[in-house]
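Structural overview for review
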Amino acid sequence: GQLPFRLHRRQHGVVRESEAELTTGHIPVLRDESIDSLLGGPDGVDGYYADGTFGRGGHSTEILRRLSKDGRLWAFDLDPNA
């Protein structure tokens, strides 16, 4: 769904809503379960994967940690506020 407010990045990477600074961060949920499922598939740790919602890289970092030397990950994000 849509966020109830719009986030803007300002100088030094501080994210603010209007004039109030947001103090909570993103908490990834089901990271390990989703990666277990992804890498438990037919291509496994040798597969080629893409993360189209890179954001702060939490899921991608864990995928890279688990991939074999033959596995590949491409990560990108189109959201400038991610």
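Here the structure is a predicted model, which is why all the values come from computation and not from measurement. (Residues numbered from 1 in each chain as written. Predicted model: local features only at pLDDT ≥ 70, side-chain atom pairs only at ≥ 80, totals over all residues. Heavy atoms only, no water.)

**Considering the pattern of salt bridges**
The test is simple: Salt bridge, as used here, is a side-chain nitrogen of Lys or Arg placed within 4 Å of a carboxyl oxygen of Asp or Glu. Only DSSP runs of H or I covering at least 4 residues are called helices, and only runs of E covering at least 2 are called strands; the numbering of each starts at the N terminus. When a residue's accessible area, from a 1.4 Å probe over protein chains only, is under 20% of the maximum for its type it is buried; when over 50% it is exposed; and in between it is partly exposed.
The tally for this structure, following the rule as stated, stands at 7 salt bridges. The closest approach of N and O atoms between aspartate 36 and arginine 66, which form a salt bridge, is 2.4 Å. Of this pair, aspartate 36 sits in helix H1 (residues 31-39) while arginine 66 is found in helix H2 (residues 58-66), placing the two residues 30 residues apart along the sequence. A relative accessible area of 46% means that aspartate 36 is categorised as partly exposed.

**Structural notes on the side chain of aspartate 51**
Our working definition: In this charge count, Lys and Arg are treated as positive and Asp and Glu as negative; neither His nor the chain ends contribute. Pairing of N or O atoms within 3.5 Å defines a polar contact, subject to two protein rules: one partner must be a possible hydrogen donor and the other a possible acceptor, and residues neighboring in sequence count only if both atoms are side-chain atoms. In this description, contact between two residues means that some pair of their heavy atoms is separated by no more than 4.5 Å.
With respect to the helices and strands, the residue aspartate 51 is situated in strand E4 (residues 48-51). Comment: no salt bridge for buried aspartate 51; closest opposite-charge side chain is arginine 31, at 11 Å. In this structure the side chain of aspartate 51 is engaged in a polar contact, spanning 2.6 Å, whose partner is the side chain of serine 60. Leave out the neighbours within four places in its chain, and aspartate 51 touches His59, Ser60, Leu73, Trp74, Ala75 and Phe76.

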